[in-house]
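Given next are the chains, with one letter for each unit.
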Amino acid sequence: MNNLRLEVENEIAVLTISRPKALNALNSETLNELNEVLSDIEKRDDIKVVILTGDGEKAFVAGADIAEMVNFTAAEARAFGMRASEPFFKLMNMRQVTIAAVNGFALGGGCEISMACDIRIASDNARFGQPETGLGIIPGFGGTQRLARLVGMGRAKEMIFTCDAIKADEAYRIGLVNKVVPQAELMDTAKAMAAKIASKGSYANAIAKAAINNGYDMDIKNAVEMEANLFGITCSTNDKKEGMTAFLEKRAADLTDF
Ligand code: DAK
């Protein structure tokens with residue numbers, strides 16, 4: 001891979017987007033690599049949590065690559081968008097839990113890829129924004145949809161219409177990020193959270209992720225019925241037997257299903 005680094009340790013994958021000269025902007029090659037590596041990760045039983053981050057201390061991802069997009073025809077833009085939607089949906093729906101460790105600018109497609117992850121942890125120098133309308137386009141990697149779902153329509157519209165980037169503490173205040181930490185502590189914090197998640201039932205976490213994602217757009221009655229069905233599935237697992245038996249025997253559970 002030319003633009004990504006993958007390191008796996010203790011069931012946690014750290015996936016680093018690395019195009020430092022362009023502040024880790026997403027070009028077609030990077031999106032293709034992301035798509036491939038996420039497909040590989042999804043098949044791996046030894047990876048329970050994926051941490052997505054950007055190379056360096058300045059940027060997480062400064063957006064889609066403007067130098068590549070500037071001469072796009074409509075057909076090329078469509079192809080680019082279709083290609084990009086795949087890794088975004090993989091991050092959102094893959095069985096592994098995904099954490100964005102946002103280490104700097106998360107603008108445009110950068111803010112959007114962080115929102116495709118399950119959880120966002122930001123360093124104190126992080127900046128979030130959707131500057132697309134200033135370029136004559138709209139957010140196209142799910143930004144108009146995911147931002148409104150995370151922070152509400154009013155704040156999403158303000159960010160998108162003004163193109164203003166917000167600081168990490170403001171992103172925390174409005175619910176865009178789960179946690180803000182000093183930059184030097186970012187990866188340790190993300191890894192500690194990932195380790196805690198990996199120590200729980202990974203199959204159960206994958207089912208819980210599907211229940212939350214799928215239920216979000218359903219009416220509450222059908223959503224709770226879907227949850228009941230998925231709950232039933234978790235009751236057929238070894239982890240359920242082991243988890244509950246371990247509790248009753250007052251010992252630590254050894255949860256292995258995935
Ligand atoms: N693309 C390409 N190069 C970029 C870039 C980007 N998004 N962001 C930064 N760079 C490059 C700069 O051009 C510069 O390159 P050199 O001049 O050194 O060759 C280098 O990275 C360093 O950037 P700066 O010199 O600008 O650094 P500063 O510290 O002064 O400013 C900044 C940092 C992050 C504030 C600034 O670079 C900036 O405003 N960057 C652009 C941010 C932005 O507008 N991002 C949104 C991009 S639009 C689609 C779906 C979605 C999208 C597109 C299509 N379809 C469905 C088809 C998504 C669109 C976007 O994300």
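Residues numbered from 1 in each chain as written. Predicted model: local features only at pLDDT ≥ 70, side-chain atom pairs only at ≥ 80, totals over all residues. Heavy atoms only, no water.

Caption draft 1: Broad picture of the nonpolar core. Among the nonpolar cores identified, the biggest contains 44 residues, and L15, L26, L34, L52, F128 and L176 are the most heavily contacted of them. Apart from residues lying up to four places away in sequence, L52 is in contact with L15, I17, L34, F60, L91, I99, A100, A101, I113 and C117. One finds V14, V49, A190 and A194 within the second-largest nonpolar core, a separate group that totals 15 residues. (Core = buried A, V, L, I, M, F, W, Y, C linked by side-chain atoms within 4.5 Å. Buried < 20%, exposed > 50% of the residue type's maximum accessible area, 1.4 Å probe, protein only. Contact = heavy atoms within 4.5 Å.)

Caption draft 2: Expanded view of a nonpolar patch on the surface. Together, I66, L135 and I137 make up an exposed nonpolar region whose accessible area comes to about 270 Å². Mapped onto the secondary structure, L135 falls in the loop between β8 (127-129) and α5 (143-151). (Patch = residues over 30% accessible without salt bridge, like charges linked within 9 Å, V, L, I, M, F, W, Y side chains within 5 Å. Areas by Shrake-Rupley, 256 points an atom, 1.4 Å probe, with all protein chains shown as cover. Salt bridge = Lys/Arg side-chain N within 4 Å of Asp/Glu carboxyl O. Helix = DSSP H or I, 4+ residues; strand = E, 2+ residues; numbered from the N terminus.)

Caption draft 3: Layout of the pairing of strand β2 (residues 12-17). β2 sits mainly inside the fold: six of its six residues count as buried. Direction of pairing for strand β1 (residues 4-9) relative to β2: antiparallel, over a ladder of six bridges. Across the sheet, the residue bridging to V8 is A13, located in β2. The turn linking β1 back onto β2 is made up of two residues, and N10 within it adopts a positive phi angle of 50°. Of the pairings in the sheet, the one linking β2 to strand β3 (residues 49-54) comprises six bridges and is parallel in character. Bridging from a neighbouring strand, I17 pairs with G54 of β3. Crossover handedness for the path β2 to helix α1 (residues 28-43) to β3: right-handed. (Pairing = 2+ DSSP bridges. Right-handed = clockwise from strand over helix to strand, strands pointing away.)

Caption draft 4: Molecular detail of the site of the ligand. Taken together, 24 residues lie near the ligand, and K58, A62, A64, A77 and G109 sit nearest. Interatomic distance of 2.6 Å between a side-chain N/O atom of K58 and an oxygen atom of the ligand. In this structure, a nitrogen atom belonging to the ligand sits 2.8 Å away from a main-chain N or O atom of A62. Contact with the protein chains hides 61% of the accessible area of the ligand, taken as 1,100 Å² for the molecule alone. Residue assignment for the shell around the ligand shows that the elements contributing at least two residues are α2 (66-69), α3 (74-93) and β6 (105-107). By residue number, the principal contributor to the shell around the ligand is α3, which donates three residues. Split into classes, the residues belonging to the shell around the ligand amount to 15 nonpolar, five polar and four charged. (Near = heavy atom within 4 Å. Polar contact = N/O pair within 3.5 Å; in protein donor to acceptor, adjacent residues only side chain to side chain. Nonpolar A, V, L, I, M, F, W, Y, C, P; charged D, E, K, R; others polar.)

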